[in-house]
Amino acid sequence: QGTNMDCKYPGCLFDLEKDMTEHVNIINENKDIGQQMNERLVELKKGFYENNEPGISMCPKNITQSCQCWAAFNLHGGFFGPSA
């Protein structure tokens, strides 16, 4: 069974050295770090550019699996790569 967490405000924070699988949310003990990270994210979002162009699909229309899986196997040596 997977882990189900509510990471809405103030979010989730994990100690990846002690909890590499991200099961223990330490945000309540580290709200100052969470606040600093959130403030930085808000600042970075100001310079984020996004367009609404649909792009061109790299996958053929007749595949029976998701485009990302097909592209990983057929275009990127088994790794997920850039996609449109």
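Whatever comes next refers back to the structure up there.
Report on the accompanying structure.

### Quick look at the overall build of the chain
- The helix and strand tally for the chain stands at two helices and zero strands.
- Computed over the C-alpha atoms, the radius of gyration of the chain is 19 Å, more than 25% above the 12 Å expected from 2.2 N^0.38 for a compact globule of 84 residues.
- Along the first, second and third principal axes, the C-alpha set of the chain runs to 50 × 35 × 20 Å.
- Considering the chain as a whole, with its 84 residues, one finds that 13% of them fall into the buried category.
- Within the chain, contacts between residues at least 6 apart in sequence are counted, and of these 10% link residues at least 24 apart.
- A total of about 7,700 Å² of accessible surface is found on the chain, and carbon and sulfur atoms cover 53% of it.

### Some details on the environment of I33
- Its place among the elements puts I33 in helix α1 (residues 31-45).
- Judged by relative accessible area, I33 falls into the partly exposed class, the value being 34%.
- Sequence-wise, I33 and L13 are 20 residues apart; in three dimensions their C-alpha atoms are separated by 8.6 Å.

### Considerations on the pattern of salt bridges
- What the rule picks out here adds up to one salt bridge.
- Its salt-bridge partner being K46, residue E43 comes within 3.3 Å of it at the nearest N-O pair.
- A relative accessible area of 63% means that K46 is categorised as exposed.

### Structural notes on unusual backbone geometry
- A positive phi angle, near 55°, is found at E22, a position not held by glycine.
- Note that E22 resides in the segment before α1.

### Description of the state of the cysteines
- Under the definition given, this model contains two disulfides.
- If you count the bonded cysteines of the chain from the N-terminus, they pair up as 1-2, 3-4.
- Left unpaired, C69 is separated from the closest cysteine sulfur, that of C67, by 9.4 Å.
- For C69, a relative accessible area of 36% puts it in the partly exposed group.

### Remarks on the environment of I63
- Relative to the assigned elements, I63 resides in the loop between α1 and α2 (67-74).
- In the structure, I63 is positioned 41 residues away from E22 in sequence and 34 Å away in space, judged by C-alpha atoms.

### Some remarks on the environment of V24
- Take V24: it is sitting in the segment before α1.
- Owing to a relative accessible area of 48%, V24 belongs among the partly exposed residues under this scheme.
- In sequence terms V24 and C12 are 12 residues apart; their C-alpha atoms lie 9.0 Å from each other.
- When residues no more than four places from it in sequence are discounted, the contact partners of V24 are M5, L13, F14 and D19.

So, how was this worked out
Sequence positions are assigned chain by chain, starting from 1 and proceeding in written order. Restriction of local features to residues with pLDDT of at least 70 applies here, the model being predicted, together with a cutoff of 80 or more for giving and counting side-chain atom pairs; totals for whole chains, interfaces and linings are based on all residues. No hydrogens and no water enter the side-chain calculation; it runs on all heavy atoms of the structure. Here a strand is any run of E in DSSP of at least two residues, a helix any run of H or I of at least four, and the numbering for each starts at the N terminus. The globule rule used for comparison is 2.2 Å times the number of residues to the exponent 0.38, while the radius of gyration itself is calculated over C-alpha atoms. The buried label goes to any residue with under 20% of its type's maximum accessible area, the exposed label to any with over 50%, and the partly exposed label to all in between, with areas taken from a 1.4 Å probe on protein chains only. Contacts: residue pairs with any heavy atoms within 4.5 Å of one another. Note that accessible areas follow from Shrake-Rupley with a 1.4 Å probe, and for residues the cover is restricted to the protein chains shown. One side-chain nitrogen of Lys or Arg within 4 Å of one carboxyl oxygen of Asp or Glu is enough to make a salt bridge. A pair of cysteine sulfur atoms is labelled a disulfide when the two atoms are within 2.5 Å.

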